[in-house]
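Coordinates in review
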Amino acid sequence: MNTKVTACLLAGMMAAAPGTAGVAAQETAANEVLLPNPWKEKRVAFLGDSITDKVHVGTAKNYWQYLEELLGLTPLVYGINGNQWNGILKQAQRLKEEVGDEVDAILVFAGTNDYNAGIPLGEWYDYSYQDTTVKGGGKEGRKKRTASQDPDTFRGRINLALDYLKRNFPTKQIILLTPIHRAQAHFSINNIQPEEAFPNKLGLYVDEYVQAVKEAANVWAVPVIDLNSVCGLFPMMDEHARYFHKADTDRLHPNAEGHYRMAKSLMYQLLAFPADFD
């Protein structure tokens, strides 16, 4: 599909050119710029948690199904209910085993379960002193950083997953999505999750996990779409309960209307990125 964007000039700017304003207005009043859809017929892998899982947790239709309709892409879905970022690595490995290089782009949408589980944020890098060659050919000891491989921290888990993705899919588009806002969820007496107004057991708010996903974009040279802000879902307000599974017991999982809003927001964001680099 093509997305049509209508562009018009301000009347004040037109008036600045006497004698030509009328002609210019006629030429630009219906000026249309056609933006190509780079995602049409592309094979796109979706890695994530329950919001991505094909079992449709809390919804009759997922955002990737709407994207299939809106952009004409072919979804390859690997999201698993309850997965944290350490599960993303396993999903990526399964993707490689099953499709090899027959994928154009990979979207990763995870992090909310790491917050809920109280996974420490950790650090992006470990540091050590090593010799390096400097001007003149001599050696000099300098502080060197390497990506943390700690599987028990949030940043370490992101590093492990993206290290694998960047090595095994070096020519593919990889895009991260930040976790969306979350309110209370009461699934059972042993699975009660407070709304994001409360910190997790480590005293960390979900915002800090969202920020870490944003940081990963620069650490690993991958685009990030801040779905936390651009989709507009805000389940702490009763007025937004319409977008979630159950107003009284599940404002964590978007319903079909919520997934459509996510998908439509993602559509316009994705049109700004190439789906492949062929």
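Residues numbered from 1 in each chain as written. Predicted model: local features only at pLDDT ≥ 70, side-chain atom pairs only at ≥ 80, totals over all residues. Heavy atoms only, no water.

Thoughts on helix α4 (residues 85–99)
Relative to the 21 Å expected for 15 residues at 1.5 Å per residue, α4 spans 21 Å between its end C-alpha atoms, a close match to the ideal helical length. Looking at α4, one finds that the buried residues are Trp85, Gly87, Ile88, Gln91, Ala92, Leu95 and Val99. The buried residues of α4 occupy an angular sector of 145° when projected down its axis, which confines them to one face. Seen from the open side of α4, the exposed residues pointing more than 90 degrees away from its buried face are Lys90 and Glu97. The positive-phi residue at the C-terminal boundary of α4 is glycine 100, with phi of around 60°. (Helix = DSSP H or I, 4+ residues; strand = E, 2+ residues; numbered from the N terminus. Expected span 1.5 Å × (residues − 1). Buried < 20%, exposed > 50% of the residue type's maximum accessible area, 1.4 Å probe, protein only. Arc of directions from axis to C-beta.)

Re helix α6 (residues 154–168)
Between the first and last C-alpha of α6 there are 21 Å, a value that for 15 residues agrees with the 21 Å anticipated at 1.5 Å per step. Taken across its 15 residues, α6 has 11 buried, putting it largely inside the fold. Inspection of α6 places Phe154, Arg155, Gly156, Arg157, Ile158, Asn159, Ala161, Leu162, Asp163, Tyr164 and Leu165 among the buried residues, and these make up the whole buried set. Between the side-chain oxygen at the start of α6 and the backbone nitrogen of glycine 156 there is a gap of 3.0 Å, and the oxygen is on threonine 153. (Polar contact = N/O pair within 3.5 Å; in protein donor to acceptor, adjacent residues only side chain to side chain.)

Some remarks on a negative patch on the surface
Among the surface-exposed residues, Glu123, Asp126, Asp150 and Asp152 lie close enough to one another that they form a single negatively charged patch. When you line up the elements, glutamate 123 lands in the loop between α5 (112–117) and β6 (125–133). (Patch = residues over 30% accessible without salt bridge, like charges linked within 9 Å, V, L, I, M, F, W, Y side chains within 5 Å. Areas by Shrake-Rupley, 256 points an atom, 1.4 Å probe, with all protein chains shown as cover. Salt bridge = Lys/Arg side-chain N within 4 Å of Asp/Glu carboxyl O. Lys, Arg positive; Asp, Glu negative; His and termini not counted. Charge placed at Lys NZ, Arg CZ, Asp CG, Glu CD.)

Let's talk about the pattern of salt bridges
For the coordinates displayed, the defined rule picks out 11 salt bridges. For the salt bridge of aspartate 276 with lysine 42, the shortest nitrogen-to-oxygen distance reads 2.5 Å. In this pair, aspartate 276 is assigned in the segment after α9 (256–270) and lysine 42 in the loop between β2 (32–35) and β3 (43–48), connecting sequence segments 234 residues apart. Judged by relative accessible area, which is 22%, lysine 42 ranks as partly exposed. For the salt bridge of arginine 167 with aspartate 163, the shortest nitrogen-to-oxygen distance reads 2.9 Å. One end of the pair is arginine 167 and the other is aspartate 163, both in helix α6 and four residues apart, which spans about a single turn.

What about the packing of α4 against α6?
Where α4 contacts α6, the two axes come as close as 8 Å, and the packing angle between them is 15°. Here α4 lies roughly parallel to α6, going by the angle between them. For the pair α4 and α6, the sense of crossing is left-handed. Residues Trp85, Asn86, Ile88, Leu89, Ala92, Gln93 and Lys96 of α4 lie in contact with α6, whose contacting residues are Phe154, Arg157, Ile158, Leu160, Ala161, Tyr164, Leu165 and Asn168. Tallied by class, the residues present in the contact of α4 with α6 amount to 10 nonpolar, three polar and two charged. (Axes fitted to C-alpha atoms, helices over the stretch in contact; angles between N-to-C directions. Parallel < 35°, antiparallel > 145°, perpendicular 65-115°, else oblique. Left-handed = near helix turned anticlockwise from the far one by under 90°. Contact = heavy atoms within 4.5 Å. Nonpolar A, V, L, I, M, F, W, Y, C, P; charged D, E, K, R; others polar.)

Looking at the packing of aromatic side chains
All chains considered together, the criterion is met by six aromatic pairs. Each ring, one from tyrosine 66 and one from tyrosine 260, has its centre 5.3 Å from the other, and the planes form 75°; the classification is edge-to-face. With tyrosine 66 in helix α3 (residues 63–71) and tyrosine 260 in helix α9, the pair connects residues that are 194 residues apart, well separated along the chain. Judged by relative accessible area, tyrosine 66 falls into the buried class, the value being 12%. Classification of tyrosine 260 as partly exposed rests on a relative accessible area of 35%. Taken together, Phe46, Tyr63 and Phe109 form an aromatic cluster joined through their ring pairs. (Phe/Tyr/Trp six-rings, centres within 6.5 Å; stacked < 30°, edge-to-face > 60°.)

Details of the sheet that holds strand β4 (residues 74–77)
Strand order across the open sheet formed by five strands is β4-β3-β5-β8-β11, with parallel pairing between neighbours. If you trace the sheet from one side to the other, it starts and ends with β4 and β11 (224–225), each paired once. Relative to β11, strand β8 (residues 173–177) runs parallel, the two sharing two bridges. Among the inter-strand pairings, leucine 177 is bridged to a residue of β11, identified as isoleucine 225. The sheet strands contacting α4 are β3, β4, β5 (105–109) and β8, and the helix crosses β3 at an angle near 150°. Along the sheet face, α6 touches β3, β5 and β8 and points at about 160° away from the line of β8. (Pairing = 2+ DSSP bridges.)

Description of the confidence of the model for the protein chain
On average, the protein chain scores 91 in pLDDT, and the residues at 70 or more come to 88%. Every residue in residues 1–23 is under pLDDT 50, and counting partners more than four places away or in other chains gives 31 contacts. (pLDDT = per-residue confidence, 0-100.)

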